[in-house]
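# Descriptive structure summary
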Amino acid sequence: MAALGAAGIAFGAKVQEFGVSVASGLGVLLPEGNHFRIYSVSGTYPVVTRDRYRLVVDGLVERRATFTLADLEAMPRTSFVRDFQCVTGWRVPQVHWEGVRLSEILDTVGVRPGAVALSFDSFDNTDTESLTLSQARLPDVIVAYRMLGAPVTTEHGGPVRLYVAPMFGYKSLKWLSAIHVVDQVQPGFWERNGYPVNGWIDGSTGANDPGST
Ligand SMILES: Nc1nc2c(c(=O)[nH]1)N[C@H]1C(S)=C(S)[C@@H](COP(=O)(O)O)O[C@H]1N2
Ligand SMILES: [Mo]
């Protein structure tokens, strides 16, 4: 197992576009607003090169693992087209996503009895996220390395970000560094700041989500 340190991570000094660009209410879609806003709650873009990228998966697993980008790309890949929707109201229609299903990663490491949730860390050392195991196993919840028809850019959370298609954008953690399999849901950054832990876009339980093709 490769140890993951701060090596290889440089922080680009810039950009903060945090919650200020759209002041509309929940679910209000602005016709002129269908482009991505680049968010970073840390105020920085962690720059992780493709060569140095590592994803650690640990906690309640049979086999703790560290995945390189090549490891992830060698796993069964899935791709689909979905809208991306921020809880503040902006939405980008028909975004192409590609990566490996989170369920595939969980099956690779083996989930131990007693596990109920996942906690996600970012290379920004600030944002965090959570999903229950059953949410994580939905077919359109992926560890994404391509987006918009190209490798995920640094601004969008590359080389690797989470994409949780049935939920609002805040669940799609950028600059994904680690997945911890845990015995209870640990609300992430946005949830501790007031967003729902279960960020379903349609307000349902997600049971009717058609999944990906
Ligand atoms: N690490 C990190 N991930 C993050 C965020 C963030 O600030 N930091 N913002 C979230 C929110 S609220 C949204 S809407 C999307 C925005 O994705 P984008 O920056 O690629 O447009 O990223 C999500 N993931
Ligand atoms: Mo968001």
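These remarks concern the structure in this document. (Residues numbered from 1 in each chain as written. Chains lettered and ligands numbered in written order. Predicted model: local features only at pLDDT ≥ 70, side-chain atom pairs only at ≥ 80, totals over all residues. Heavy atoms only, no water.)

This part is about the packing of aromatic side chains. A full pass over the atoms with the stated rule returns 13 aromatic pairs. Ring centres of Tyr45 and Trp175 lie 6.2 Å apart, and the angle between their planes is 35°; this geometry places the pair in the tilted category. Placement of Tyr45 in strand S2 (residues 44-48) and of Trp175 in the loop between strand S11 (161-164) and strand S12 (176-182) is noted, with a sequence separation of 130 residues between them. Owing to a relative accessible area of 6%, Tyr45 belongs among the buried residues under this scheme. Taken together, the ring pairs in this structure connect Phe36, Tyr39, Phe80, Phe84, Trp90, Trp97 and Tyr163 into an aromatic cluster. For the cation-ring pair, Arg82 lies above Phe80, with the distance from its terminal atom to the ring centre recorded as 5.2 Å. (Phe/Tyr/Trp six-rings, centres within 6.5 Å; stacked < 30°, edge-to-face > 60°. Helix = DSSP H or I, 4+ residues; strand = E, 2+ residues; numbered from the N terminus. Buried < 20%, exposed > 50% of the residue type's maximum accessible area, 1.4 Å probe, protein only. Lys NZ or Arg CZ within 6 Å of the ring centre and 35° of its normal.)

What follows concerns the site of ligand 1. Inspection of the region around ligand 1 gives 21 residues, with Arg37, Val41, His156, Arg161 and Lys174 positioned closest. Tyr39 places a polar main-chain atom, nitrogen or oxygen, 3.0 Å from an oxygen atom of ligand 1. At 2.9 Å from an oxygen atom of ligand 1 is found a side-chain nitrogen or oxygen belonging to Arg161. Surface burial for ligand 1 is 100%, taken as the share of its 520 Å² of free accessible area covered by protein chains. A breakdown of the residues in the shell around ligand 1 according to their chemical character gives eleven nonpolar, five polar and five charged. (Near = heavy atom within 4 Å. Polar contact = N/O pair within 3.5 Å; in protein donor to acceptor, adjacent residues only side chain to side chain. Areas by Shrake-Rupley, 256 points an atom, 1.4 Å probe, with all protein chains shown as cover. Nonpolar A, V, L, I, M, F, W, Y, C, P; charged D, E, K, R; others polar.)

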